[in-house]
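So you can see what is in the structure, the chains are spelled out below.
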Amino acid sequence: MKNVIKNKISQIFSTADSEAIVQEAQKQIVRHLDEPSRRRFLRQGLTLGGVAMLSGCDISDNESVDKALMKVSSFNDRMQGWLFGSTRLAPVYAESMITRPFPFNAFYAEDEAPVVDGSSYRLQIAGLALDKRDWSLATLHKMAQTSQVTRHICVEGWSAIGKWGGVPFGDFLRLIGADLTAEYVSFKCADNYYTSIDMASALHPQTLLALTYDGQILPRKYGFPMKLRIPTKLGYKNPKHIEVIEITNKFTGGYWEDQGYNWFGGS
Ligand SMILES: Nc1nc2c(c(=O)[nH]1)N[C@H]1C(S)=C(S)[C@@H](COP(=O)(O)O)O[C@H]1N2
Ligand SMILES: [Mo]
C-alpha cells in the first residue's frame, strides 16, 4: 500500500521533495483534527501511510488514495505559491538553442487543432475587471510587445526551448482594471480546454499573453490567435486558443487538473 501512495505522490509532486511535503502536510492536518483523532494520528506516528487519514477512509483502493492525495495536493498548491509565487525567474536561453521543430501537444491530434478566424475573433473579459470590452486581434497587436526564449516542460516527460512574443500579462491585467487582489485568473479556450492560475503567477514578469511564436504570428497548432505563455509553470498551465479570460475568486480548476494533475503546476 505504501508503494501505491509513494507512486501517486511522485506523480503529483514534480517540483519538490515529496517526503518533506508529506511531513509538512501532516503537521497541517494534525492541527485541524479534533482531539481524539489527533491523539490517534500522533500515536500511529507521522508516517507516509498516515496520509490516508486525511480522507478518513479505507486506503485499500486506489480511489481513496487519490482523494487523500488530492487534499495533500491542494495544500501543496498553497506551498508552491508561497515558494515560487512572484519573484523566481525561469531561465532564458540563446536563440541558437531553440528546439526545431518545436513539438505540438494537445488532448487531440495536430490536424484537429481549432480553426479560429482572426478577423472576427474577439477576446472576452469576464469577472472582476473594470473594463470588460472585447479585444480584437489588431488592438492586441498594437500594445507594447516583448519576447523571450524559455523552456516549455510537459508533464508527459518532454521539454523544448521556444521563443514567444506578446504582451506582458501583468500590463494587460492592469490596463483592463483587473482586481489584482482576486485569487485566480481562469481561461476558456476555443477547443473547450480550460485552466486557471493564481494571481501572483499571472502578474509574474515573464508571464505573456503570447501572440507570436519564433517571430511569426502564432501558428494554429501552437495556439492561434493567442496563448498564455507562463514559463514558471508546466505545459498544461499554458492555455492555447484563449477565448475568455476571467478574473475571479472562484476556483475553476482545469482540464488536466480536474483529472488529478497538481493545480499549481510549477515547473
Ligand atoms: N487549448 C489548449 N491548450 C493547451 C493544451 C490543449 O490541449 N488545448 N494542451 C496543453 C499541454 S499539456 C501542453 S504540453 C501544451 C503544448 O503546447 P505546444 O503545442 O505549443 O507545444 O499546450 C497546453 N495548452
Ligand atoms: Mo503537456
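Residues numbered from 1 in each chain as written. Chains lettered and ligands numbered in written order. Predicted model: local features only at pLDDT ≥ 70, side-chain atom pairs only at ≥ 80, totals over all residues. Heavy atoms only, no water.

Quick look at the overall build of the protein now. The helix and strand inventory of the protein stands at seven helices and 10 strands. In the protein, buried positions account for 48% of the 267 residues. Here the contacts in the protein between residues at least 6 apart in sequence split such that 68% fall between residues at least 24 apart. Working note: accessible area of the protein is about 13,000 Å², and carbon and sulfur atoms make up 52% of it. (Helix = DSSP H or I, 4+ residues; strand = E, 2+ residues; numbered from the N terminus. Buried < 20%, exposed > 50% of the residue type's maximum accessible area, 1.4 Å probe, protein only. Contact = heavy atoms within 4.5 Å. Areas by Shrake-Rupley, 256 points an atom, 1.4 Å probe, with all protein chains shown as cover.)

L123, F169, F172 and I245 are the most contacted members of the largest nonpolar core, which has 30 residues in total. Elements supplying a minimum of two residues to this core: strand 1 (122–127), helix 5 (137–142), helix 6 (169–175), strand 5 (184–189), helix 7 (199–202), strand 7 (208–213) and strand 10 (242–248). With near-sequence residues (within four places) excluded, F172 lies in contact with L123, I125, W135, L140, M143, V167, L209 and I245. Grouped together as the second largest cluster of nonpolar side chains are 10 residues, I98, F102, V149 and A160 included. (Core = buried A, V, L, I, M, F, W, Y, C linked by side-chain atoms within 4.5 Å.)

Overall, the coordinates contain 19 aromatic pairs when judged by the stated rule. With a centroid separation of 5.7 Å and an interplanar angle of 35 degrees, the aromatic rings of W256 and Y261 are classed as tilted. The residue whose ring lies beneath R229 is W164, and the NZ or CZ to ring-centre distance is 4.3 Å. (Phe/Tyr/Trp six-rings, centres within 6.5 Å; stacked < 30°, edge-to-face > 60°. Lys NZ or Arg CZ within 6 Å of the ring centre and 35° of its normal.)

Contacts to ligand 1 come from 20 residues, most closely from P103, N105, D191, N238 and K240. One of the backbone nitrogen or oxygen atoms of N105 is found 3.0 Å away from an oxygen atom of ligand 1. In the model, a nitrogen atom of ligand 1 is placed 2.8 Å from a nitrogen or oxygen of the D191 side chain. Coverage of ligand 1 by the protein chains reaches 99% of its 540 Å² of free accessible surface. (Near = heavy atom within 4 Å. Polar contact = N/O pair within 3.5 Å; in protein donor to acceptor, adjacent residues only side chain to side chain.)

Counting buried residues in strand 5 gives five out of six residues, a clear majority hidden from the surface. One ladder, built from five bridges, connects strand 5 with strand 6 (residues 194–198); its direction is antiparallel. By the bridge assignment, K188 is partnered in strand 6 with Y194. Between the antiparallel neighbours strand 5 and strand 6 lie four residues, among them N192 with a positive phi of about 70 degrees. Across six bridges, the pairing between strand 5 and strand 10 is antiparallel. Paired with S186 across the two strands is E246, which belongs to strand 10. (Pairing = 2+ DSSP bridges.)

Following the sequence through the fold, T212 ends up in strand 7. With a relative accessible area of 19%, T212 lands in the buried category. With residues up to four places along the chain from it excluded, the contact list for T212 reads K163, W164, G165, I217 and L218.

What the five strands build is an open sheet, ordered 2-1-10-5-6; its pairing is mixed. Sheet topology places strand 2 (135–136) and strand 6 at the edges, where each strand pairs with a single neighbour.

Turning our attention to the confidence of the model for the protein. For the protein, mean pLDDT is 83; residues scoring 70 or higher make up 70% of the total. Note that residues 51–60 has pLDDT below 50 and, in this model, 25 contacts with residues that lie over four places away or in other chains. (pLDDT = per-residue confidence, 0-100.)

A side chain with one charge can pair with a side chain of the opposite charge if their charged atoms come near. Considering all chains together, one arrives at seven salt bridges under this definition. Here K163 and E95 are joined by a salt bridge, their closest N and O atoms 2.9 Å apart. Within this pair, whereas K163 is found in strand 4 (residues 158–168), its partner E95 is found in the loop between helix 4 (62–84) and strand 1, the two being separated by 68 residues in sequence. Here R133 ties to D131 by a salt bridge, and the two come within 2.8 Å at their closest N and O atoms. For R133, a relative accessible area of 59% puts it in the exposed group. (Salt bridge = Lys/Arg side-chain N within 4 Å of Asp/Glu carboxyl O.)

Our focus in this paragraph is the side chain of H204. Residue position: H204 is located in the loop between helix 7 and strand 7. One polar contact links the side chain of H204 to the main-chain carbonyl oxygen of R88, over a distance of 2.6 Å.

Moving on to the environment of N262. Relative to the helices and strands, N262 resides in the segment after strand 10. By relative accessible area, which is 4% here, N262 ends up buried. Between the C-alpha atom of N262 and that of S74, which follows or precedes it by 188 residues, the distance is 7.6 Å.

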